[in-house]
Amino acid sequence: MPPRPTCHLIRPESTYEGKQGLTYFAGIATETVGSSGICMHILTMPPGARAKAHLHENHETAIYVLSGEVHTWYGDRLEQHIVVKAGDLFYIPAGVPHLPANLSDSPSSAVIARTDPNEQESVVLLPELDALVA
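These numbers come from a predicted model, not from an experiment.

Calculation notes
- Residues numbered from 1 in each chain as written.
- Predicted model: local features only at pLDDT ≥ 70, side-chain atom pairs only at ≥ 80, totals over all residues.
- Heavy atoms only, no water.
- Helix = DSSP H or I, 4+ residues; strand = E, 2+ residues; numbered from the N terminus.
- Contact = heavy atoms within 4.5 Å.
- Core = buried A, V, L, I, M, F, W, Y, C linked by side-chain atoms within 4.5 Å.
- Buried < 20%, exposed > 50% of the residue type's maximum accessible area, 1.4 Å probe, protein only.
- Phe/Tyr/Trp six-rings, centres within 6.5 Å; stacked < 30°, edge-to-face > 60°.
- 1 Å grid on protein atoms, 1.4 Å probe; cavity = no way out; pocket = protein on both sides within 12 Å on 5 of 7 lines; lining within 4 Å.
- Points joined across faces, edges and corners; volume = space filled by probe spheres on them.
- UniProt positions renumbered as here; feature names shortened; annotations may be inferred.
- Patch = residues over 30% accessible without salt bridge, like charges linked within 9 Å, V, L, I, M, F, W, Y side chains within 5 Å.
- Areas by Shrake-Rupley, 256 points an atom, 1.4 Å probe, with all protein chains shown as cover.
- Salt bridge = Lys/Arg side-chain N within 4 Å of Asp/Glu carboxyl O.

(A) Looking closely at the environment of Pro47. Tracing the sequence through the fold places Pro47 in the loop between strand 3 (39-45) and strand 4 (54-56). Along the backbone, Pro47 and Tyr91 are 44 residues apart, and their C-alpha atoms lie at a distance of 22 Å. Sequence-distant contacts of Pro47, that is, excluding residues within four places in its chain, are made with Asn102, Ser104, Asp105, Ser106 and Pro107.

In structure tokens, the structure reads:
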């Protein structure tokens, strides 16, 4: 008989390098707690940090910005642009190319939740789009 599910406490102290080129604090994921339908972690982008252009092939992303602001370009050719600020919620559907960057002088932190419990499995890098954002 499999073990009965139980609650887990995660203190976001350890980090990992995402395919996107950013450092994430480890959080809720299959790898840490055995979750089967959700992943949630914290990302702090230092001033000047920029992700690689990418998409999440099979999962949606919800972001709540705790501090700072992040510019995000999105769309098939990263033709759309939005500035997401502290207190904002931002949704990225599965399959939408995007590239976030912290262009400010201050760090920006956010809570990120995804519908794929294996956070990095459906990340697809799009190097052909990186040069579209100066």
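(B) Geometry of the nonpolar core. Formed by 14 residues in total, the largest nonpolar core has its most connected members in Leu22, Leu43, Met45 and Ile63. Where this core is concerned, the elements lending two or more residues are strand 3, strand 5 (61-67), strand 8 (89-92) and strand 10 (108-114). Apart from the residues lying within four places of it in its own chain, the contact partners of Leu22 are Tyr16, Glu17, Leu43, Met45, Ala49, Arg50 and Ala51. The next biggest cluster of nonpolar side chains, apart from the first, holds nine residues, and it includes Leu55, Trp73, Leu126 and Val133.

(C) Molecular detail of the packing of aromatic side chains. As enumerated under the stated definition, the model contains two aromatic pairs in all. Centre to centre, the rings of Tyr16 and Tyr24 are 5.5 Å apart; their planes meet at 20 degrees, and the pair counts as stacked. In this structure Tyr24 comes out as buried when scored by relative accessible area, which is 2%. Their ring planes at 65 degrees and their centres at 6.4 Å tell us that Tyr74 and Phe90 sit as a pair that is edge-to-face.

(D) Just empty space enclosed by the protein, in detail. A complete count under the given rule lists one cavity of 30 Å³ or more for this structure. The volume enclosed by the largest cavity comes to roughly 230 Å³. Along its surface, the largest cavity is lined by 20 residues, and Leu43, Ile63, Val70, Pro100 and Ile112 are the ones closest to its centre. Breaking the lining of the largest cavity down by element, the ones donating at least two residues are strand 3, strand 4, strand 5, strand 6 (69-74), strand 8, strand 9 (98-101) and strand 10. With four residues, the single largest contributor to the lining of the largest cavity is strand 10.

(E) Quick look at the UniProt feature "domain: Cupin type-2" (unreviewed entry) in the chain. Here the UniProt feature "domain: Cupin type-2" (unreviewed entry) sits at residues 42-110. Here residues 42-110 runs as 0% helix and 54% strand, with 6 Å between its end C-alpha atoms.

(F) Main features of a nonpolar patch on the surface. On the surface, Tyr64, Leu66 and Leu89 cluster together into a nonpolar patch covering about 320 Å² of accessible area. On the secondary structure map, Leu89 appears in strand 8. Here Leu89 falls in the exposed class, since its relative accessible area comes to 69%.

(G) Expanded view of unusual backbone geometry. Here Leu78, not a glycine, exhibits a phi torsion of approximately 55 degrees, which is positive. Inspection of the secondary structure assignment puts Leu78 in the loop between strand 6 and strand 7 (80-85). For Leu78, a relative accessible area of 5% puts it in the buried group.

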